[in-house]
Amino acid sequence: MNVLKFGGTSVGSIENIKKVIEILDNYSKKEPVICVVSAVGGITDKLLRAGEFAQQKNENYLPLFEEIKTIHLSILEGLIPDQNEAAKTYLENKLSSLKSLLDGIHLINELSPKTSDKLVSYGELLSSFIVAETMKSQNLDAVRKNTQDLIVTNNNFTKAEVNYPTSNTNISEYFKNAAQKITILPGFIARSTTGETTTLGRGGSDFTAALVAAALRVNRLEIWTDVSGMYTANPKIVKQAYPIEKLSYREAMELSHFGAKVLYPPSVQPVLSLNIPIHIKNTSDPEAYGTRITNDNSNGFLKAAKAISNISNIALLTLQGTGMIGIPGFSKRLFETLAQEKINVIFITQASSEHSICFGIDEKDAELAASNINITFENEISLKKIDPIIVEKDLSIIALVGDNMKNHQGISGKMFSTLGQNNINIRAIAQGASEKNISAVIAEKDVKKALNAIHERFFEDQTKQLNVFITGVGNVGEKLVEQIHQQKKYLKEQLKINMRIVGLSNSRTMVFNETGLSSKSWKDDLNSGEKASINGFFERVKTLNLRNSIFVDVTANEDVSKIYANYLKESIAVVACNKIACSSTYSNYSQLKNLSIKYNAPFLFETNVGAGLPVIDTLNHLINSGDRITSIQAVLSGSLNFVFNKFDATTKFHDIVKQAQKEGYTEPDPRIDLSGVDVARKILILARESGVEMNLEDIENTSFLTENNHKSSSVDDFYETLITDEAHFQKLYESAKNNNCQLKYVAEFDGKTAKVGLKEIPPQHPFYNLEGKDNIVMFYTQRYREQPLIIKGAGAGAEVTASGLFADIIRIGN
């Protein structure tokens, strides 16, 4: 004998009922089947609402009744299109009696619990009739049995208590003599010892199925719903969540208490007490294994944590005061007050100092609880022994559940460190001595990020989700987007990093997609996006509140650099190509570094110096390993190196600078490069990373430009001055040529001071043969005294700069 229960969604449409019938037909070919059905999805709520309208003399109960009538008749018509007159007549008569009941409620302006039970019983009576009649029309051996003839209760309407001896006898006797292969039972409803219609309360259809399964001592109870079992997390919030094949009763109960809606623990108690397994199955995917819940905790349960769940709309109340310390009875009075008001306590924690008691309840009960507690402790509050009750709202409880967590060290640390790394503040913590559940209260706004972060840490194949937000989609930004999309598969397979670009912005528009922007249509999406705003972009990133968020600045905009601190304070990592922040005042640079540490948000800026070359990374490794920088000599401008490598007596300085700008080697304003400011910023950053406190004005900058060049009012004006002063640049070239030297713009740091300027480099120097747009950095340290550590390679260009940014993002992922 099999007992299967189908929920409201499973019988909520013509297509779903067809699936239910197919499942029952297949089962019945092996052994008899008992099928318990809920009301059609949403009907119970509609019946209750219609009853409330009728009681309130609100005529809206009439169109609501017509909606209920139409739903049932259309389902019947869709399932039995021909020769359905008898079934249709029966259904219309039942609906007519429902209408009469609603009219009566409207007439006498009263809806008692007794009448409410009779009203909502129509849902299961109608759905079970439709299922049974459809099966009969297909010549299946099916009989509908009214559960009210089997389950007997007291008169505690809306939540009747079952008379187990009588009900068990009725069920056993009926099925002992039943010859049909399929029996359809309406769930949720019963009959009192006085013959009145009663209902079994929340989870009533599950309760009906559990009662029948327990009375008949079946091998298992199957509960069919619209999901493939109980998941590692809510799949609507955590897309990577997956069904759990096996759970213990205790794990299932814990998850159900903390928000998993598949099971309502009290309703399945009859089978738990007899150790009858429960199997959760999916009506739309009957071949899926689902979740098997048993009392066997020995096989297949080796994983420490099984799932993460949550309860929303929680209020946290705190009773505290020095007058509580060492005084017995405070807890008793507190919880008696809550019990008298029928307020359910979901979460409790108490400081070992006895100074405070903290507990979580449903947010809707918060005001009632607070007012009554303040009355209970009115005397102590007036004497300043305790404080008035403190109420915090907009909270949620998250719970990590697993029977075997007690056998694994570090589970709590792993959970709380994951929350901390994502800037999720924990308001309260509770963990029982059994260690089957670790609960924490957090802000409601952080639930999605918390569940995804913890799920990623505990339940996924060590794949880390990175959510990238890029500002500045010009030459470098576009290459970065292309590189990320190109390497997506490799990153996931080889580095276990799932990287997606969630937000993009240029100077005109910005666009966001929480699931990741398309690699094919991102340009069109950006072009048609909303108006760009620096603060607006930050607010959207903050509101999305995604785990492992990374902000990437690929601009040269000072206003963008000023908002880095806001990102870091939200534990959002910052990757900067923009040099302005790290070369601004030392106090600002230092603050950003400190915020990065305080909020556990990486602040990386490798591309500030040498584009994609590992200059800063190498410097940091030297410092971190205990070495000390004694001096740095470098050619740090790919654009200036390109210019002076191309410039000679046969070319015009103006033309070479134009070419460098056109090929993307200079900033949009080439004066930044040619003035030496860009190089000064780079050596400043290296000096600071070496541990020296220095500002930009401390760097000696010997400019090779003319006074006329410096006074130019615009980029176009600057180019005009280059033409005018061509003789000056030819003179610089001629001098170097006569001395058998190459012109290089060199940055130098001696451990205390720094300077930049154009120098004539002789043939024996490492800088002499530096070609094209290449950079070179020579680190002299305590360990590299005579022969410096040299880094050399392309120091400009969109692709290499993008690759440097990409490397920083990957570094965060690792």
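Preceding this section is the structure that the text describes.
Conventions used here
- Residues numbered from 1 in each chain as written.
- Predicted model: local features only at pLDDT ≥ 70, side-chain atom pairs only at ≥ 80, totals over all residues.
- Heavy atoms only, no water.
- Helix = DSSP H or I, 4+ residues; strand = E, 2+ residues; numbered from the N terminus.
- Rg over C-alpha atoms; globule rule 2.2 N^0.38 Å.
- Buried < 20%, exposed > 50% of the residue type's maximum accessible area, 1.4 Å probe, protein only.
- Contact = heavy atoms within 4.5 Å.
- Lys, Arg positive; Asp, Glu negative; His and termini not counted.
- Charge placed at Lys NZ, Arg CZ, Asp CG, Glu CD.
- Pairing = 2+ DSSP bridges.
- Axes fitted to C-alpha atoms, helices over the stretch in contact; angles between N-to-C directions.
- Left-handed = near helix turned anticlockwise from the far one by under 90°.
- Nonpolar A, V, L, I, M, F, W, Y, C, P; charged D, E, K, R; others polar.
- Core = buried A, V, L, I, M, F, W, Y, C linked by side-chain atoms within 4.5 Å.
- Phe/Tyr/Trp six-rings, centres within 6.5 Å; stacked < 30°, edge-to-face > 60°.
- Lys NZ or Arg CZ within 6 Å of the ring centre and 35° of its normal.
- Polar contact = N/O pair within 3.5 Å; in protein donor to acceptor, adjacent residues only side chain to side chain.
- Parallel < 35°, antiparallel > 145°, perpendicular 65-115°, else oblique.
- Arc of directions from axis to C-beta.
- Salt bridge = Lys/Arg side-chain N within 4 Å of Asp/Glu carboxyl O.
- Disulfide = S-S within 2.5 Å.

This part takes up the overall build of the protein chain. Counting secondary structure elements, the protein chain contains 29 helices and 30 strands. In summary, the protein chain has a C-alpha radius of gyration of 37 Å against a globular reference of 28 Å for 814 residues, an excess of more than 25%. Referenced to the eigenvectors of the C-alpha coordinate spread, the extents of the protein chain come out at roughly 115 × 75 × 55 Å. Taken across its 814 residues, the protein chain has 53% of its residues classed as buried. Contacts in the protein chain between residues at least 24 apart in sequence constitute 72% of all its contacts with a sequence separation of at least 6. Averaging the positions of the 88 positive and the 93 negative side-chain charges in the protein chain gives two centres separated by 4 Å.

A separate point is the sheet that holds strand β6 (residues 189–192). Strands pair in a sheet through their backbones, by hydrogen bonds, and they do so in one of two ways: parallel or antiparallel. Judged by pairing direction, the sheet is mixed, and its three strands sit side by side in the order β4-β6-β7 without closing on themselves. A strand with exactly one partner marks an edge of an open sheet, and here the two such strands are β4 (152–153) and β7 (197–199). The pairing of β6 with β7 spans three bridges and is classified as antiparallel. Paired with A190 across the two strands is T198, which belongs to β7.

Between helix α2 (residues 43–55) and helix α4 (residues 85–108), the shortest axis-to-axis distance is 7 Å and the interhelical angle comes to 35°. Of the two possible hands of crossing, α2 and α4 adopt the one that is right-handed. Across the interface between the two elements, L47, A50, G51, A54 and Q55 of α2 pack against L98, L102, I105 and H106 of α4. Its residues placed into classes, the contact of α2 with α4 shows six nonpolar, three polar and no charged.

For the rest of this paragraph, the subject is the nonpolar core. Core analysis: the largest hydrophobic core is formed by 76 residues, its most contacted members being F653, I683 and F779. For this core, the leading source of residues is helix α25 (residues 677–689), giving seven residues. If near-sequence neighbours (up to four positions away) are discounted, F779 is found in contact with V615, L619, L622, I629, S631, I632, Y784, P788, L789 and I791. Among the nonpolar cores identified, the runner-up in size contains 51 residues, and V162, V212, I280 and A430 belong to it.

Turning to the pairing of strand β28 (residues 754–761), a few remarks are in order. Pairing between strand β26 (residues 700–702) and β28: three bridges, direction parallel. Bridge assignment links E700 to a residue of β28, and that residue is K755. Two strands pair when backbone bridges link them, and strand β27 (residues 742–749) and β28 are joined in this way by eight bridges, in the antiparallel orientation. In the sheet register, F749 faces β28, and the bridge partner there is A754. Hairpin remark: β27 followed by β28, antiparallel, with four residues in the connecting loop; positive phi at G751, about 100°.

As a further point, take the packing of aromatic side chains. Aromatic ring pairs are described here by two measures, namely the spacing of the ring centres and the angle between the planes. Inspection of every chain in the model, using the stated rule, returns 26 aromatic pairs. Every member of this aromatic cluster is reached through a ring pair, and the members are F469, F512, F537, F538, F551, Y564, Y567, F603 and F605. Stacked on the ring of F330, the Lys or Arg R333 has its end atom at 5.9 Å from the ring centre.

Mapped onto the fold, N578 is located in the loop between β23 (573–576) and α20 (586–598). Within the local environment of N578, its side chain forms a polar contact with the side chain of D553, the two groups lying 3.1 Å apart. Within the structure, N578 has its side chain in polar contact with the side chain of T555 (distance 3.5 Å). Excluding residues within four positions of it along the chain, N578 makes contact with D553, T555, A556, N557, S561, Y564 and N608.

Our next topic: the sheet that holds strand β2 (residues 33–37). Overall, mixed pairing links the eight strands, which are arranged β3-β5-β2-β1-β8-β10-β11-β9 in an open sheet. What marks the edges here is a single partner per strand, and that holds for β3 (142–144) and β9 (246–248). Between one strand and the next, the sheet's axes are offset by a mean angle of 20°, whatever the strand orientation. Sheet strands touched by helix α1 (residues 14–28): β1 (2–6), β2, β5 (182–186) and β8 (221–225). Its angle to β1, the strand with the most contacts, is close to 175°.

A few words on the pairing of β8. Summarising burial for β8: five of the five residues are buried, a large majority. Side chains L221, I223 and T225 of β8 all project onto a buried face; the interleaved residues E222 and W224 project onto the opposite face, where all are buried too. With five bridges joining them, β8 and strand β10 (residues 278–282) adopt parallel strand pairing. Bridge pairing in β10 places I223 opposite I280.

Let's shift gears to the environment of K46. On the secondary structure map, K46 appears in helix α2. Separated by 145 residues in the primary sequence, K46 and R191 have C-alpha atoms spaced 22 Å apart. In this structure, K46 is in contact with L64, E67, I68 and I71, ignoring residues within four places of it in sequence.

All right, on to the packing of helix α10 (residues 330–340) against helix α11 (residues 366–376) then. Packed helix pairs are specified by the crossing angle of their axes together with the interaxial distance, meaning the distance between the axes. Running from amino to carboxyl end, α10 crosses α11 at an angle of 135°, the nearest separation of the two axes being 10 Å. In terms of their interaxial angle, α10 and α11 are classed as oblique. Seen from above, α10 lies across α11 with right-handed handedness. Counting all contacts with α10, which are made through R333, L334, T337 and L338, the residues of α11 involved are A369, N372, I373 and T376. Broken down by class, the residue content of the contact of α10 with α11 amounts to four nonpolar, three polar and one charged.

Taken as a whole, helix α17 (residues 534–544) has its buried residues at F537, F538, V541 and L544. Projected down its long axis, α17 carries its buried residues within an arc of 130°, all on one side. Contact partners of the buried residues in α17: β18 (464–471), β19 (497–505), β20 (509–512), β22 (549–553) and α19 (564–569). Directly after α17, the chain includes N545, whose backbone phi takes a positive value near 55°.

Quick look at the pattern of salt bridges now. Tallied over the entire structure, the rule returns 33 salt bridges. With its nearest N and O atoms 3.5 Å apart, the salt bridge here joins K759 to E748. Of this pair, K759 sits in strand β28 while E748 is found in strand β27, placing the two residues eleven residues apart along the sequence.

Attention now goes to the state of the cysteines. Inspection of every chain in the model, using the stated rule, returns zero disulfides. Counting only cysteine sulfurs, C582 is the nearest neighbor of C577, a cysteine outside any disulfide, at a range of 11 Å.

Before going further, it helps to examine helix α22 (residues 638–646). Counting along an α-helix, one turn takes 3.6 residues, and residues three or four places apart therefore face a common direction. Summarising burial for α22: seven of the nine residues are buried, a large majority. All of the buried residues along α22 are G638, S639, L640, N641, F642, V643 and F644.

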